[in-house]
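# An overview of the molecular structure
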Amino acid sequence: MDFLIIAAGFGGLILGGNMLVQGAVSIATRLKISPMIIGLTLVGFGTSMPELVTSVQAAFAGSPGIAMGNVVGSNIANILLILGLAALMHPIIVNAAALKRDGTVVLLASLLCLGVVLFGEVGRIAGGILLLCLTVYLCGTLYAERRGQSAAAEVYISEAETLSPTEKPLWQNVLMLISGMVITIVSARFVVQGAVSLATTMGISETVIGLTIIAIGTSLPELITSIIAARKGQSDVALGNVIGSNIFNILGILGVTALLQPMEVPAAIVALDIWVMVGVTLVFVIFARTGWRISRREGLVLLLGYCTYVGYLLANA
């Protein structure tokens, strides 16, 4: 029953997240907002909305293992699982300008997250710092692109173009956006309740559930978007989607969650998982910079790495 509740919640997260993003993109297009801004903000925030709502609700429910595990586990899954699958389907050609900027940001964000986690608690001050860093990143990116479109901006434009705006009246798009938000919030509640119950029933820590089942489930929007992009040969979109999502997960989701509800960091995450997240981020940057592409062989290495990581977690649960 717990698995069914979680599965139903994931289904709602996918539906709600898609409706939210589609509605927001359609409204922004009608308001003549540039595709680069849509790709940078709406698509990035929208695909991360399941993680945000789930982590916030888990924190308020007194389940920091699920809240923190969701953020850290999602970033690990984004790189090892999603990029690995995308690279296996089609080698990922890396936009050098985009990686030099955003790859550096995601690596610095991961190191900042490591520093915060090592304190053992993510409080409101830390949450405010993370959100401030996200604001600086967004403003800096928008300022740089306004001075002249760069190669890095093309990635965000491509992300926006993967989501064709609907031709519905404005009020219907607004209704779609609001409905998507409501569905996402309700679905996240099912996911959190099901996860807590599952952890209790199986005798597994909430942290392991958050790092695996919840992290994979809330990353489904990124997985679907990246697979569609890879099948279309738009590998740069898959890469940009993962980088943007990881930046938002750390600076935005963890920042908002800590600002609303400070959390103690589970000892297991301090001991292992945060180091795995930083390590796989570094490996990803190295893979991407070698020849400015992620090959099928490297994609296979990433996938095997994820299987090994999850296997280790479950074996020691």
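Residues numbered from 1 in each chain as written. Predicted model: local features only at pLDDT ≥ 70, side-chain atom pairs only at ≥ 80, totals over all residues. Heavy atoms only, no water.

On to the overall build of the chain, then. When helices and strands are counted, the chain shows 12 helices and 4 strands. Burial analysis of the chain (317 residues in total) assigns 54% to the buried set. A fraction of 88% describes how many contacts in the chain between residues 6 or more apart in sequence connect residues 24 or more apart. Looking at the chain as shown, the accessible area adds up to about 13,100 Å², and 69% of this sits on carbon and sulfur atoms. (Helix = DSSP H or I, 4+ residues; strand = E, 2+ residues; numbered from the N terminus. Buried < 20%, exposed > 50% of the residue type's maximum accessible area, 1.4 Å probe, protein only. Contact = heavy atoms within 4.5 Å. Areas by Shrake-Rupley, 256 points an atom, 1.4 Å probe, with all protein chains shown as cover.)

All right, on to unusual backbone geometry then. The backbone of Trp292 shows a phi angle near 55°, a positive value even though the residue is not glycine. Tracing the sequence through the fold places Trp292 in the loop between α11 (267-289) and β4 (293-294). Note on Trp292: relative accessible area 26%, which makes it partly exposed.

This part takes up the nonpolar core. Of all hydrophobic cores here, the largest spans 81 residues; its most connected members are Met68, Ile76, Phe284 and Ile294. Examining the composition of this core, we find that 13 residues originate from one element, helix α3 (residues 64-89), more than from any other. (Core = buried A, V, L, I, M, F, W, Y, C linked by side-chain atoms within 4.5 Å.)

Our next topic: the side chain of Thr54. Among the secondary structure elements, Thr54 is positioned in helix α2 (residues 35-60). Given the relative accessible area of 0%, Thr54 is considered buried. Contact partners of Thr54, with chain neighbours within four places excluded, come to Leu13, Asn70, Ala188, Val191, Val192, Ile214 and Thr218.

The next thing to look at is helix α7 (residues 170-202). Compared with the 48 Å implied by 1.5 Å per residue over 33 residues, the 47 Å span of α7 between its first and last C-alpha is a close match. Within the sequence span of α7, burial applies to Asn173, Met176, Gly180, Thr184, Ser187, Ala188, Val191, Val192, Gly194, Ala195, Leu198 and Ala199. Where α7 ends, the next residue or the one after it, Gly203, has phi of about 70°, a positive value. (Expected span 1.5 Å × (residues − 1).)

This brings us to a nonpolar patch on the surface. On the surface, a nonpolar cluster with roughly 480 Å² of combined accessible area is contributed by Leu170, Val174, Ile178, Val182, Val186 and Phe190. For Leu170, the location among the structural elements is in helix α7. On the basis of relative accessible area, Leu170 is assigned to the partly exposed category, the value being 38%. (Patch = residues over 30% accessible without salt bridge, like charges linked within 9 Å, V, L, I, M, F, W, Y side chains within 5 Å. Salt bridge = Lys/Arg side-chain N within 4 Å of Asp/Glu carboxyl O.)

Turning to the packing of α7 against helix α8 (residues 206-218), a few remarks are in order. Where α7 meets α8, the closest approach of the two axes is 9 Å, and the angle between their N-to-C directions is 130°. The orientation of α7 with respect to α8, classified from their angle, is oblique. Crossing of α7 against α8: the hand is right-handed. Counting all contacts with α7, which are made through Val191, Ala195, Val196, Leu198 and Ala199, the residues of α8 involved are Glu206, Ile209, Ile213 and Ile214. (Axes fitted to C-alpha atoms, helices over the stretch in contact; angles between N-to-C directions. Parallel < 35°, antiparallel > 145°, perpendicular 65-115°, else oblique. Left-handed = near helix turned anticlockwise from the far one by under 90°.)

Let's shift gears to the packing of α8 against helix α9 (residues 220-231). Packed helices, taken two at a time, are described by their axes: the angle between them and the distance between them. Taken N-terminus to C-terminus, the directions of α8 and α9 make an angle of 50°; their axes are 4 Å apart at the nearest point. What the angle tells us is that α8 and α9 run oblique. Here Ile216, Gly217 and Thr218 of α8 lie close against α9, whose contacting residues are Leu220, Pro221 and Glu222. For the contact of α8 with α9, the per-class residue count stands at 3 nonpolar, 2 polar and 1 charged. (Nonpolar A, V, L, I, M, F, W, Y, C, P; charged D, E, K, R; others polar.)

This paragraph deals with helix α12 (residues 296-315). Spanning 20 residues, α12 covers 28 Å between terminal C-alpha atoms, matching the ideal 28 Å at 1.5 Å per step. Summarising the contacts, the buried residues of α12 are in contact with α3, α8, α11 and β4.

On to the confidence of the model for the chain, then. A residue-level look at the chain finds 89% of positions with pLDDT of 70 or above and a mean pLDDT of 86. When mean pLDDT is compared element by element in the chain, α11 scores highest at 96, while helix α6 (residues 151-161) scores lowest at 62. (pLDDT = per-residue confidence, 0-100.)

On to the environment of Ser295, then. In this fold, Ser295 is placed in the loop between β4 and α12. Between the C-alpha atoms of Ser295 and Ile92, which are 203 residues apart in sequence, the distance is 6.5 Å. In contact with Ser295, not counting residues within four places along its chain, are Ala87 and Pro91.

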